Amino acid sequence: MDEVVALCKRRGLIFPASEIYGGIANTYDYGHYGVLLKRNVTDAWWKAMIQERDDIVALDSAIIQHPRTWEASGHLAGFSDPLVQCLGKCKKRWRLDHLQEAAVEAGEDPAAVRCPQCGGELTEPRAFNLMFQTNIGPVQEEGSTVFLRPETAQGIFLDFKTTLQYARKKPPFGIAQIGKSFRNEITPGNFIFRTLEFEQMEMEFFVPPDEAPNWHEYWINERLEWYVSLGVDRDKLRLRPHGPEELSHYSSATSDIEYLFPIGWSELEGIANRGDFDLKQHAEHSGQKLDYVDTATGDRYVPYVIEPAAGLGRTVLTLLCDAYDEDEIGGEQRTVLRLQPSMAPIKAAVLPLVNKDGQPEKARAIYEELRSRMSAEYDTGGSIGKRYRRQDEIGTPWGITVDHQTMEDDTVTLRDRDTLEQVRLPVAGLADELAGRLERP
Ligand code: ATP
């Protein structure tokens, strides 16, 4: 993990936020290549959820909703972690549930956990609500308290009725959104695995109640395959159904998709059968009818909800950990991100071999043609080896080099990041060739 973190910092993908003030807990900024990588992930998610289907519509709901939302959803009363503090030397705070899970996995007694840092005794657990609070208006007064959403899902439930009306859909159908959520997480973050603010990619799929178990299975498989389609190693992905004691208050069944991070198997996405809990709760608290009436049969029912809830940051971290590699070229060590080309922030780098003899102008012209088809870079700085190394570290799959032969016969060399093979290709048709490669699985 340390190597991935160092690479992200070095190449400006992801780095600590507020660094000039010493940073702020569990909060990171995404630089240029990090933003491009994130966009590739969200584009792939929208494509799978919206573009390639006709039963899901998009939504972008507000971060600050009516405070009663969180009363109805159960977050105000129940969205808390059991916090314990070390009574020994280090005084560190921990999540009791995490310590107990680790103890069970290690074959130890979960009732006898002690501080993992210094071995000290721990306090009794205290319920700690994870929602960030703020106020609307100039004074803090009764009724002005609002919350930053801890999940994007609730905005979807609030807009269920509106969407049903304007989108002319009937169950089974879904509403998808990507957006920031906020949680006052108290435990160390492991880089971007657990952050205070994070983007979620959530979809609520509304179905007739008797179809819910089948749709749950369906979405578990769809979502697992989606990660494979991004190039993630299938052997490092697994499904983990929640035991009865672990289920959230709203869920009758949940399966997590886990990835084998350097910190061990950890949750990447949860796929829950939320039943009719949310719509019923909001119907009761708002006094509105949130059911579906089938005009053909006259049937009236509250749909069940299947929810695939993914984290954008965790997906980015998965791609980075999965792609990170080191090898040796000509006795020199190289760090390389073996990202699938569709996920790579930059697809092609165009490099003049020398900064003279018309090569820079030629390379620039090739780059300008390419960039209208895919994200490309033109780089003249440093030796050709150094420039390749830089591109390898950000996962650029193709390097295009303009050399003296280019000036004679209008061909370039195309270098493959993984095989290091270099082939000579005519400049005409180069963009088509790369676009074709990008499309291929
Ligand atoms: P965890 O058990 O790791 O706290 P969770 O089960 O509470 O996660 P969900 O409420 O199911 O998480 O949220 C869905 C997804 O949102 C998670 O699978 C994860 O990818 C992402 N997520 C949740 N909390 C965070 C966080 N603090 N930082 C980054 N991503 C998060």
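Structure report, in brief.

Conventions used here
- Residues numbered from 1 in each chain as written.
- Predicted model: local features only at pLDDT ≥ 70, side-chain atom pairs only at ≥ 80, totals over all residues.
- Heavy atoms only, no water.
- Helix = DSSP H or I, 4+ residues; strand = E, 2+ residues; numbered from the N terminus.
- Buried < 20%, exposed > 50% of the residue type's maximum accessible area, 1.4 Å probe, protein only.
- Contact = heavy atoms within 4.5 Å.
- Areas by Shrake-Rupley, 256 points an atom, 1.4 Å probe, with all protein chains shown as cover.
- Lys, Arg positive; Asp, Glu negative; His and termini not counted.
- Charge placed at Lys NZ, Arg CZ, Asp CG, Glu CD.
- Near = heavy atom within 4 Å.
- Polar contact = N/O pair within 3.5 Å; in protein donor to acceptor, adjacent residues only side chain to side chain.
- Axes fitted to C-alpha atoms, helices over the stretch in contact; angles between N-to-C directions.
- Left-handed = near helix turned anticlockwise from the far one by under 90°.
- Nonpolar A, V, L, I, M, F, W, Y, C, P; charged D, E, K, R; others polar.
- Pairing = 2+ DSSP bridges.
- Core = buried A, V, L, I, M, F, W, Y, C linked by side-chain atoms within 4.5 Å.

A few points about the overall build of the chain
Then comes step 1: Looking only at helices and strands, the chain has 14 helices and 23 strands in total.
Then comes step 2: Along the first, second and third principal axes, the C-alpha atoms of the chain reach 75 × 70 × 50 Å.
Then comes step 3: Across the 441 residues in the chain, those meeting the buried criterion constitute 49%.
Then comes step 4: Partitioning the contacts of the chain with sequence separation of at least 6, the portion at a separation of at least 24 is 65%.
Then comes step 5: Carbon and sulfur atoms make up 49% of the accessible area of the chain, which amounts to about 21300 Å² in all.
Then comes step 6: For the chain, the distance from the average position of its 50 positive side-chain charges to the average position of its 71 negative side-chain charges is 4 Å.

Re the site of the ligand
Then comes step 1: For the ligand, the set of nearby residues contains 15 residues, the closest of which are R183, E185, R194, T195 and E267.
Then comes step 2: One of the side-chain N or O atoms of R183 is found 2.9 Å from an oxygen atom in the ligand.
Then comes step 3: In this structure, R314 approaches the ligand through a side-chain N or O atom, which is 3.0 Å from an oxygen atom.
Then comes step 4: Protein coverage of the free-state accessible area of the ligand, which is 590 Å², stands at 84%.
Then comes step 5: Sorting the residues of the shell around the ligand by element identifies β10 (197–207), β13 (264–275) and β16 (304–311) as the ones contributing at least two each.
Then comes step 6: For the shell around the ligand, the element with the highest residue contribution is β13, accounting for four residues.

Examining the packing of helix α2 (residues 32–51) against helix α8 (residues 212–229)
Then comes step 1: For the pair α2 and α8, interaxial distance at closest approach is 12 Å and the crossing angle is 145°. Once α2 is placed against α8, the crossing between them reads as right-handed. Together, V41, A44, W45, A48 and M49 of α2 and W219, R223 and W226 of α8 make up the contact between the two elements.
Then comes step 2: Looking at the contact of α2 with α8, its residues break down into seven nonpolar, no polar and one charged.

Digging into the sheet that holds strand β5 (residues 93–95)
Then comes step 1: Across the sheet, three strands lie side by side as β5-β4-β6; this open sheet has antiparallel pairing. Looking at the sheet topology across the chains shown, the edges are occupied by β5 and β6 (126–129). Averaged over all adjacent pairs, the angle separating strand axes in this sheet is 45°, with direction ignored.
Then comes step 2: The strands touched by helix α5 (residues 96–105) within the sheet are β4 (80–85) and β5, with β5 carrying the most contacts at an inclination of about 65°.

Re the nonpolar core
Then comes step 1: If you look at the biggest cluster of nonpolar residues, it comprises 52 residues, and the most contacted ones within it are W219 and L320.
Then comes step 2: If sequence neighbours within four positions are ignored, L320 has contacts with V4, C8, L13, I14, L37 and L337.
Then comes step 3: By size, the runner-up hydrophobic cluster in this structure holds 19 residues, among which are A363, L370, A376 and A431.

Topic: the sheet that holds strand β12 (residues 253–261)
Then comes step 1: Reading across from one edge, β3-β9-β10-β16-β13-β12-β11 is the order of the seven strands in this open sheet, with mixed pairing throughout. Looking along the sheet, the strands with just one partner apiece sit at the ends: β3 (56–58) and β11 (237–241). Averaged over neighbouring strand pairs, the angle between their axes works out to 25° when direction is ignored.
Then comes step 2: Strands in contact with α2 are β3, β9 (173–182) and β10; relative to β9, the strand with the most contacts, it is inclined by about 160°.
Then comes step 3: Against the sheet, α8 engages β3, β10, β11, β12, β13 and β16, with an angle of about 150° to β13.

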